[in-house]
Amino acid sequence: DTAVSQTPKYLVTQMGNDKSIKCEQNLGHDTMYWYKQDSKKFLKIMFSYNNKELIINETVPNRFSPKSPDKAHLNLHINSLELGDSAVYFCASSLHLRDLLGGEQFFGPGTRLTVL
Amino acid sequence: AQTVTQSQPEMSVQEAETVTLSCTYDTSESDYYLFWYKQPPSRQMILVIRQEAYKQQNATENRFSVNFQKAAKSFSLKISDSQLGDAAMYFCAYRRDLNSGNTPLVFGKGTRLSVIA
């Protein structure tokens, strides 16, 4: 019954490695997002996808590459991990069209990435 | 660009008392949504309450209510009869109207609320 799921929930890795975080939503939403929450708890948008198409790409290093195989999935691949990439990454989803939900975004449980 | 400001990094409240968390935002848009999200230690983001900018009536959800002042661009959250389970980080967030396209949330820096037994 999980609405938005992310795997893994915890990820500890060495600098220079490549890692991926997976996100899946079963809400039938057409828009998915990746947010980054830094060590000071500040949340900021990274990417937004609508129907598998990249809509928003904020100022994020090229080492970060989102991939959306279908509307229900949005994965985040990170190359050459750096210490500063340590953060909690949240996936979220919403409906593009105005609806009764009033623009609510549903969040996954987050993935805490620690780069050593 | 839209910005959201939460001027209170930390707040505390006695159990059963009332507390108000402040939020102001800056936008040139006329249609938008405002949200308060709660993030407990489990780090799950939980929607507390939402407000559509075109609605003049303040939103309420049980013990949670907002004071939405559109002209002043202010959106405060009032928690009545505070409970220990209300202790969390609270984030104010803004989102442009959906008809403008796919729009992400713009978050404030958060207010950490402690509830004292």
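Residues numbered from 1 in each chain as written. Chains lettered and ligands numbered in written order. Predicted model: local features only at pLDDT ≥ 70, side-chain atom pairs only at ≥ 80, totals over all residues. Heavy atoms only, no water.

K.L.:
Can you help me understand the overall build of chain A in this one?
P.N.:
Looking only at helices and strands, chain A has zero helices and eleven strands in total. Order of helices (α) and strands (β) in chain A, N terminus to C terminus: β-β-β-β-β-β-β-β-β-β-β. Its C-alpha atoms give chain A a radius of gyration of 14 Å, near enough to 13 Å, the size a compact globule of 116 residues would have. Here the C-alpha coordinates of chain A stretch approximately 45 × 25 × 25 Å along the principal axes. (Helix = DSSP H or I, 4+ residues; strand = E, 2+ residues; numbered from the N terminus. Rg over C-alpha atoms; globule rule 2.2 N^0.38 Å.)

K.L.:
Would you mind showing me how to read the interface of chain A and chain B here?
P.N.:
It is common to give the size of an interface as the accessible area lost on bringing the parts into contact. With 32 residues of chain A at the interface, the matching set in chain B holds 26 residues. Across the chain A/chain B interface, buried area totals approximately 2400 Å², and carbon plus sulfur atoms make up 51% of it. Close ionic contact of glutamate 104 of chain A with arginine 50 of chain B constitutes a salt bridge, the shortest N to O distance being 2.6 Å. Where chain A meets chain B, there are ten residue pairs in polar contact (both at pLDDT 80 or more). Every element with two or more residues in the side of chain A that touches chain B is listed here: β4 (31–37), β5 (43–50), β6 (53–57), β9 (87–94) and β11 (111–115) of chain A. A class-by-class count of the residues in the side of chain A that touches chain B yields 15 nonpolar, twelve polar and five charged. (Contact = heavy atoms within 4.5 Å. Buried area = accessible area lost by both parts, 1.4 Å probe. Salt bridge = Lys/Arg side-chain N within 4 Å of Asp/Glu carboxyl O. Polar contact = N/O pair within 3.5 Å; in protein donor to acceptor, adjacent residues only side chain to side chain. Nonpolar A, V, L, I, M, F, W, Y, C, P; charged D, E, K, R; others polar.)

K.L.:
Looking at this structure, I do not really get the packing of aromatic side chains. What am I missing?
P.N.:
Two numbers describe a pair of aromatic rings. These are the distance of the centres and the angle of the planes. The final tally for this structure, using the stated rule, is 16 aromatic pairs over all chains. The interplanar angle of 80 degrees and the centroid separation of 6.3 Å between the aromatic rings of phenylalanine 68 of chain B and phenylalanine 75 of chain B together place this pair among those described as edge-to-face. The structure contains a cluster of three or more aromatic residues connected by ring pairs, namely Tyr33, Tyr35, Phe90 and Phe107 of chain A together with Tyr33, Phe35, Tyr37, Phe91 and Phe107 of chain B. In this arrangement the basic side chain of arginine 43 of chain B is found over the ring face of tyrosine 10 of chain A, its NZ or CZ atom lying 4.9 Å from the centre. (Phe/Tyr/Trp six-rings, centres within 6.5 Å; stacked < 30°, edge-to-face > 60°. Lys NZ or Arg CZ within 6 Å of the ring centre and 35° of its normal.)

K.L.:
How should the pattern of salt bridges be read in this particular structure?
P.N.:
A side chain of one charge can pair with a side chain of the opposite charge when the charged atoms of the two come close. Throughout the structure, instances matching the rule amount to six salt bridges over all chains. The partner of aspartate 26 of chain B in a salt bridge is lysine 73 of chain B, with the nearest N and O atoms 3.8 Å apart. Taken together, the positions of aspartate 26 of chain B in strand β4 (residues 24–26) and lysine 73 of chain B in the loop between β8 (64–69) and β9 (74–79) put the pair 47 residues apart, joining distant regions of the chain. Residue classification places aspartate 26 of chain B among the partly exposed residues on the basis of a relative accessible area of 43%. For lysine 55 of chain B, the salt bridge goes to glutamate 52 of chain B, with nearest N and O atoms at 3.9 Å. In the salt-bridge network here, residues are joined through shared partners; they are Arg63, Glu82 and Asp85 of chain A. (Buried < 20%, exposed > 50% of the residue type's maximum accessible area, 1.4 Å probe, protein only.)

K.L.:
Whenever I open this one, the side chain of serine 93 of chain A confuses me. Can you help?
P.N.:
Residue and element names in this part refer to chain A. Looking at the element boundaries, serine 93 is found in strand β9. Under the relative-accessibility criterion, serine 93 is labelled buried at 0%. Look past the residues within four positions of serine 93 in its chain and what remains in contact with it is Val4, Gln25, Leu27, His29, Thr31, Met32, Tyr33, Glu104, Gln105 and Phe106.

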